[in-house]
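Coordinate inspection notes
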Amino acid sequence: MVNEAIRALRKRRLQGIAEGQVFTGPQTVHIDLANGCNTNCTTCWDHSPLLKAPRPLHWKKAQMDLTTFEALTADLAGMESVEAVILSGMGDPFVNPQIYRMIANCKQHGWQVTVLTNALLADATLLLDLDVDMLLISVNGVTPTSYTAFHPNLGVRDFEKLCQLLEKFAWAGKRFKHVQVINQDTAPELAAMVHFAHRYSARSITYKFASLSGGTEACAVTDRQREQLLTEWIPAAQAVAQHLKVETNLDVFASQVRTGGLDTAPIAEIGCFMGWSYARITVDGQILFCCSREIVVGHLDKGHFSQQWYGEQWQRTREKLMHGDYFTSCHQCGKLNQNVKVGQKVREQLGDAVFRARTGQGAP
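Quick look at the structure, then. (Residues numbered from 1 in each chain as written. Predicted model: local features only at pLDDT ≥ 70, side-chain atom pairs only at ≥ 80, totals over all residues. Heavy atoms only, no water.)

Turning next to the environment of Phe-355. By the secondary structure assignment, Phe-355 is in helix H15 (residues 352-358). A C-alpha to C-alpha distance of 33 Å links Phe-355 and Lys-302, two positions 53 residues apart in sequence. With residues up to four places along the chain from it excluded, the contact list for Phe-355 reads Glu-269, Ile-270, Phe-273, Gly-343, Val-346, Arg-347 and Gln-361. (Helix = DSSP H or I, 4+ residues; strand = E, 2+ residues; numbered from the N terminus. Contact = heavy atoms within 4.5 Å.)

Given below as structure tokens:
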């Protein structure tokens, strides 16, 4: 239940959007715990075997240490605005052996804790004991064939292990979310993904059209598959989801597919509102405006996160995006679903004129 203090913060945050200023700290902070990963998803910008320029070994070994993490969370708690923390990484957060202590630390601050993971390294018993709020489980394929094609270093036993973990979570009453990244190997399974989510009592499915670059374009959907997604597979999955009452983002996903080429987001229509509600911190302390490594707005070496959030560099970035001057990576926006939701709220509560003004589409 949302209390009065949180309602007031959210109202103040919307007021900031209306005025193009920032009056509160972020609502959600995304903290990377590890660059290394136990899988090599074909679509991954950091670990795909298709990459023309693989990441160096020293980068893959980097992890956030517990002392840095605890200092950061203490600073965030002092902002009195944070409601949720996402624990993730450029790899998988469970590569970091301190993750369970980090989850406990966030829970002590009273935040909702979400972990973005492929789940294979997770200790289900410890997670249940810690009462983690949400896992965003990166599934990416719901048959042994598609799963192993998407994760070339994994085998059938790994898929079976994932299913066993999902079953354990379901039996414990945890309705975690599934993430399904769609490329040429997973595209035909949209409806099967709904059945899979229903079988394991998933709260929802987030479909993501693969954002590809650096060599990973080789696993993109074919032109024929793109047509089938729009005319056959998305409508079929929507029908199954409606019948089984499984929540999805298939409407947003369809807009990604329609965008065309390697773009995955009609960003000029949707706009970016992350500068009022979200930030990401990498394992080495770099502060990102969103989930894109292109948009750097600070570093923990330069001072407390709480100070930089209100600083000149961050505000310049907000103003750039408010004028519709987007970065290259914005056209593969990783926060598309969130931007759509915030944009809808801005339209409903502040009006279409404010929405257009804050997305570079017209004056208020």
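What follows continues from the structure just given.
This structure, assessed with the given rule, holds zero disulfides. With no disulfide of its own, Cys-41 lies closest to Cys-44 among cysteine sulfurs, the gap being 6.2 Å. For Cys-163, which is in no disulfide, the shortest distance to another cysteine sulfur is to Cys-41 and amounts to 16 Å. Cys-163 sits in the buried class, given a relative accessible area of 13%. (Disulfide = S-S within 2.5 Å. Buried < 20%, exposed > 50% of the residue type's maximum accessible area, 1.4 Å probe, protein only.)

With that settled, the discussion passes to the pairing of strand E4 (residues 134-138). Among the five residues in E4, four count as buried, and that is most of the element. Of the pairings in the sheet, the one linking strand E3 (residues 112-117) to E4 comprises four bridges and is parallel in character. Bridge pairing in E4 links Thr-114 to Met-134. Each parallel crossover has a hand, and for E3 linked through helix H5 (residues 124-130) to E4 it is right-handed. In this sheet, strand E5 (residues 177-182) lies alongside E4 in parallel orientation, the contact comprising three bridges. Its bridge partner lying in E5, Ile-137 is registered against His-178. (Pairing = 2+ DSSP bridges. Right-handed = clockwise from strand over helix to strand, strands pointing away.)

Distances and angles like these do not, on their own, reveal function.
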